[in-house]
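Architecture and fold: a report
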Amino acid sequence: MSWPAGFAVFLATIAMMEGVAYAAHRWVMHGPGWFLHASHHRPRTGPFEANDLYAVIFALPSILFLLGGVQLGWGDWATWMGAGIAAYGAIYFGFHDVIVHKRLPHGYVPRSRYMKRIVQAHRLHHATENKHGSVSFGFLWAPRADVLKGQLAASQSAQIRAPKTSLSPPLGEILDRGVERREL
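Residues numbered from 1 in each chain as written. Predicted model: local features only at pLDDT ≥ 70, side-chain atom pairs only at ≥ 80, totals over all residues. Heavy atoms only, no water.

1. Structural notes on the overall build of the protein
Under the convention used in this document: Strands are runs of DSSP state E lasting at least two residues, helices are runs of H or I lasting at least four, and both sets are numbered from the N terminus onward. Working definition: with a 1.4 Å probe on protein chains only, accessible area under 20% of the residue-type maximum means buried, over 50% means exposed, and in between means partly exposed. Residues count as neighbours in contact if any of their non-hydrogen atoms are within 4.5 Å of one another. The protein chains shown are the only cover counted for residues, whose accessible areas, like all others here, come from Shrake-Rupley with a 1.4 Å probe.
Helix and strand counts for the protein stand at seven helices and zero strands. Its helices and strands taken in sequence order, the protein reads α-α-α-α-α-α-α from the N to the C terminus. Buried positions account for 41% of the 184 residues belonging to the protein. Considering only intrachain contacts with a sequence separation of at least 6, the fraction spanning at least 24 residues in the protein is 57%. By element, 66% of the accessible surface of the protein is carried by carbon and sulfur atoms, the whole surface being about 10,500 Å².

Below, the structure written as structure tokens:
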């Protein structure tokens, strides 16, 4: 396989992984896999949470494709696909764990419209305490905040997280103005 064709497979795999991640997050993690993912919707008490096991689970296809492409003779397409899955995992880690959840210390402040939208969408996802009624399940693409706020407000099954302190604004005010300045 030529380098340009392989790179196209790599990029297509990254794009495809957003759909895979969305489906896994919405229908597995917020479904039968909630027993692991619930830890991610609660305050973390140490450096790790049960939800981190999903990183191991989702790394397995990448490892398999890389092994198949490099060692088992499946072809270059498998190597490029495995690399694309790994790249999506690295991008996910950067966006989700580092920028949004600040699991590694940094001074980055989202300034672009895109980054603000992604961070706000994920914070709105965490506005619920249970697996039902959450919004925004993707990681690299998210609907506009006003759309997500409307979905949260209209949800019959969402258990909206209580404010952290008595000084926190009421939910209606949060939904009206957004959650950019508030860690949910």
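2. Here's the deal with the confidence of the model for the protein
To keep it simple, the criterion reads: Per-residue confidence from the predictor is reported as pLDDT, which spans 0 to 100.
Mean pLDDT over the protein stands at 87; residues scoring 70 or higher make up 86%. Within the model, pLDDT remains below 50 along residues 179-184, and this stretch shows 21 contacts once partners closer than five positions in the same chain are excluded.

3. Thoughts on helix α6 (residues 145-154)
We apply this condition: Within this analysis, the arc is defined by the directions that extend from the helix axis to the C-beta atoms.
When α6 is considered as a whole, its buried residues turn out to be A145, L148, K149 and L152. One face of α6 carries all of its buried residues, which in axial projection span an arc of 100 degrees.

4. Things to note about the side chain of T128
Locating T128 in the fold gives a position in the loop between α5 (113-125) and α6. Looking at T128, the relative accessible area reads 0%, which means it is buried.

5. Quick word on the side chain of H125
Among the secondary structure elements, H125 is positioned in helix α5. The exposure class of H125 is buried, given its relative accessible area of 0%. Setting aside residues no more than four positions away along its own chain, H125 makes contact with H25, H30, H37, H41, S134, V135, S136 and F137.

6. Topic: a nonpolar patch on the surface
Note the following rule: Each patch is built from residues lacking any salt bridge and having more than 30% relative accessible area; the joining distance is 9 Å for like charges and 5 Å for nonpolar side chains (Val, Leu, Ile, Met, Phe, Trp, Tyr). Each salt bridge in this description consists of a side-chain nitrogen of Lys or Arg and a carboxyl oxygen of Asp or Glu lying within 4 Å of one another.
Taken together, the side chains of M1, L64, L67, L72, W74 and W77 present a nonpolar region at the surface, about 590 Å² in accessible area. Position of L67 relative to the elements: it lies in helix α3 (residues 53-70).

7. Here's the deal with the packing of aromatic side chains
What counts, and what does not: Pairing of aromatic rings covers Phe, Tyr and the six-membered ring of Trp, with a centre-to-centre limit of 6.5 Å; geometry is then stacked below 30 degrees between planes, edge-to-face above 60, and tilted otherwise.
In this structure the tally under the stated criterion is eleven aromatic pairs. Considering the side-chain rings of W3 and W80, the 6.5 Å spacing of their centres and the 85 degrees angle between planes classify their relative orientation as edge-to-face. Note that W3 is positioned in helix α1 (residues 3-29) and W80 in helix α4 (residues 76-100), a separation of 77 residues in sequence. When its relative accessible area of 57% is taken as the criterion, W3 is described as exposed. For W80, a relative accessible area of 21% gives the class partly exposed.

8. Thoughts on the nonpolar core
Test applied: Residues belong to a common nonpolar core when they are buried Ala, Val, Leu, Ile, Met, Phe, Trp, Tyr or Cys residues joined through side-chain atoms within 4.5 Å.
Judged by nonpolar contacts, the single largest core of 24 residues is most densely connected at Y88 and L124. When contributions to this core are tallied by element, the ones reaching two or more residues are α1, α4, α5 and α6. The greatest single-element share of this core, amounting to seven residues, is contributed by α4. Residues in contact with Y88, not counting those within four places in the same chain, are I14, M17, E18, A21, F139 and L140.

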